[in-house]
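# Overview (structure and organization)
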Amino acid sequence: MPYQTVTDERKQIETSGLTPEQLLEALRKMHLIRAFEEKAEALYALGKIHGTMHLSIGQEASAVGACLALRPDDTILSTHRGHGHCIAKGAEPPLMMAEFFGKEVGYCRGRGGSMHIADVAGGNLGANGIVAGGLPISTGVGLSLQMQHTDRVCLTFFGDGAANEGAFHEALNLAAIWRLPVVYVCENNQYAMSMPMKAAFPIRQISERAAAYGIPGVTVDGNDLLAVYEAVQTAVSRARAGEGPSLIENVTYRWRGHSKSDRQRYRTRDEVKEWQARDPIIRLENLLVGADLFTAEQLADLGAEARQTIEDSVAFAEAQADPDPATILEGVYA
Amino acid sequence: MREQVLEKASGEPLQAANRELTYSHAIREALQLAMRRDERVFMLGEDIGVYGGAFGVSDGLIEEFGAERVRDTPISEAVIAGAAIGAAVTGMRPVAEIQFMDFITLSMEQLVLQGAKMRFMFGGKASVPMVLRTPAGSGTGAAAQHSESLEAWFVHVPGLKVVMPSTPYDAKGLLLAAIEDDNPVIFVEHKLLYRTKGHVPEGYYTVPLSQSEVKREGRDVTVVATSIMVPRALEAADLLAQEGIELEVVDPRTLKPYDADTVTRSVCKTGRVLIVHEAPKTAGFGAEVAAEIVAGEAFDYLDAPIRRLAGLDVPIPYNRELERTAVPQVADIVREARALARGEY
Ligand SMILES: Cc1ncc(C[n+]2csc(CCOP(=O)(O)OP(=O)(O)O)c2C)c(N)n1
Ligand SMILES: [Mg+2]
């Protein structure tokens, strides 16, 4: 990365239009996501959680930067790697943790678990167990928002791998011809499980596909919170103004294995280390300190505070009741 | 009975009678033998190469056969099925993998409207010799979109065969038979069975499709069970034997075309039948089994109503206890079979 002076960093922040308070809140959320997932991993290792989980450690700027451009009444759809999106959209960690433990008070009454956490009231229509499963639905949400004459938008996250499902094509094309207010955010973390993006696509950037739908497509550094925010902000403004959908590609990297059973034979340790050196949290901290908005001391405790919030969430979750098996048939039908 | 099938099918002598393999290893061995024997056999699917498959079934196969024959695909289930069909109808014998049976929903059009009907629509002038392997079932905490048991959907489609092995021995022999078969075969594995062990002979052998097997003989109650419910029924049979109740456990192994005769013979002997599967009860495969029983010779021999024990009509929940509640467990089979045997229904 080129050397930046204090004025460069100041200028960058000024062009983004974000206030110091918003940026500090964004940094807090990134820490919270990191802390949630590190704890989730530890709980799994202790055998306290069953099933599987997909960690987004290293991708926090993508989730937080994108949601920073949204209003509380906007809707998101998320993926199997969805803890970050959920926190970024404003979910409460204790209720997320309770879902993770399969408890009755959890966001999905313990029925969904990590792969299905949804905060319907908070505008998060859920993580999704199906790759690209959210894409057509987001097009439908966009349709609904348009038909109800609102200026709300729908933002949908999906991975690089999802862009090779047929659903991707159908969803983007329909949104494009009907000019629906949807922002398609592809989190290109280089791999779909073991499949390298380079092997799965005959093109260099997934955003190139936008041309096929006649919509804007941009690729940004997904570990740069400001870059993500600005790209999404532009797309959201377009959508609110009735100008239709956009495709944004956040280039990032997942630090952990795909899920809890990944031997990672498809990549090297060196590659992982290289990307760990581009930690999006440290990057934002450096930006804030470099721009003289905060001192390093002022930011020093954010990680510890986030970890404490998560510890408290675990304590809350563990104390809650499991669902009563007698209620198992509830909720299948309205 | 098992040894008979083996000799008839392979003509090879049994080696190492006590050789034990896991279910997943048995499947891998079948894939290996089929690919060594026939150049036309190849595999395609998601993460089946260096990753070794989501459940490790194809571990090491890319080293032996190369990326040309163990082909990693993008996440594109429609074209995985479609490419298998297209390759099969033009001279190859593909074995496709759909990573979880849930995702087969994305392959449906190609499988149901194309592959299954192609031969018939073309007046018998084409054949589609392909296998689609896929793991089904709950019990791993993976919740509603990674736990489906959709076998009945495919049983309903003329032109498809549906196989669902419960033991390592059957898994290997049935997979080899499926690969030899000139029709599209949906081969349904079970995640919880992958690590179970059992006797598996070395070398090439087939277990014929469409033969149900009596896994345990007994005089009191016939239990017709599929997939993971077979070991559960056998465990229930051990427990009930201590109370003097003898279960006869029948495993259809191939659901389509289904060999109803074996069940009929068993029901004529016991007069009581419990049908057990993991998939939701309504319109599940058990309904077909029950219909075959009452429609035929066994009807006159029934001493009790036919009982079905199946998954609840509910998506698979995440919470551990709810997940267990959603599908039959050993204790449920014991309870139902005991009630049948005692006439308490
Ligand atoms: C339709 C479907 N196919 C396959 C899977 C299994 N699967 C889950 S995540 C995943 C990789 C997804 O890659 P990508 O979209 O890049 O997201 P990432 O995991 O990298 O965040 C696969 C193959 C699935 N859940 N759904
Ligand atoms: Mg990816």
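Residues numbered from 1 in each chain as written. Chains lettered and ligands numbered in written order. Predicted model: local features only at pLDDT ≥ 70, side-chain atom pairs only at ≥ 80, totals over all residues. Heavy atoms only, no water.

### Points about the domain arrangement of chain B
Residues and elements named next belong to chain B. Here chain B is partitioned into domain 1 (5–206) and domain 2 (213–340). Taking only C-alpha atoms into account, the centre of domain 1 sits 25 Å from that of domain 2. The interface of domain 1 with domain 2 comprises 29 residues on the first partner and 25 residues on the second. Counting the surface lost from both domain 1 and domain 2, the interface buries some 2000 Å², and carbon and sulfur atoms represent 57% of this. The interface formed by domain 1 and domain 2 includes 2 salt bridges. When the shortest N-O distance is used, the salt bridge between Asp-170 and Lys-215 registers 2.5 Å. Scanning the region where domain 1 abuts domain 2 turns up 13 residue pairs in polar contact (both at pLDDT 80 or more). For the side of domain 1 that touches domain 2, the secondary-structure elements that each account for two or more residues are helix H7 (151–155), strand E6 (161–163) and helix H8 (168–180). (Domains from an automatic or database assignment. Contact = heavy atoms within 4.5 Å. Buried area = accessible area lost by both parts, 1.4 Å probe. Salt bridge = Lys/Arg side-chain N within 4 Å of Asp/Glu carboxyl O. Polar contact = N/O pair within 3.5 Å; in protein donor to acceptor, adjacent residues only side chain to side chain. Helix = DSSP H or I, 4+ residues; strand = E, 2+ residues; numbered from the N terminus.)

### Remarks on the coordination of the magnesium ion (ligand 2)
Residues and elements named next belong to chain A. Bound to the magnesium ion (ligand 2) on the protein side are Asp-160 (OD), Asn-189 (OD1) and Tyr-191 (O), at distances that span 2.0 to 2.1 Å. In primary-sequence terms, the residues that donate to the magnesium ion (ligand 2) follow D-x28-N-x1-Y. The burial state of Asn-189 is the same as that of Tyr-191; both residues are buried. (Donors = N, O, S within 2.8 Å, 3.2 Å for Na, K, Ca; no water. Buried < 20%, exposed > 50% of the residue type's maximum accessible area, 1.4 Å probe, protein only.)

### Some remarks on the interface of chain A and chain B
Between chain A and chain B, the contact holds 41 residues from the first and 36 residues from the second. Interface area for chain A against chain B, summed over the two sides, is near 3000 Å², with a carbon-plus-sulfur share of 60%. On the chain A side of the contact with chain B, His50(A), Met193(A) and Ile328(A) bury the most area, a combined 23% of that side's loss. Inspection of the region where chain A meets chain B yields 2 salt bridges. A salt bridge links Asp59(B) to Arg263(A), with the shortest nitrogen-to-oxygen separation between them at 3.2 Å. Here chain A and chain B share 15 residue pairs in polar contact (both at pLDDT 80 or more) between them. A breakdown of the residues in the side of chain A that touches chain B according to their chemical character gives 16 nonpolar, 16 polar and 9 charged. (Nonpolar A, V, L, I, M, F, W, Y, C, P; charged D, E, K, R; others polar.)

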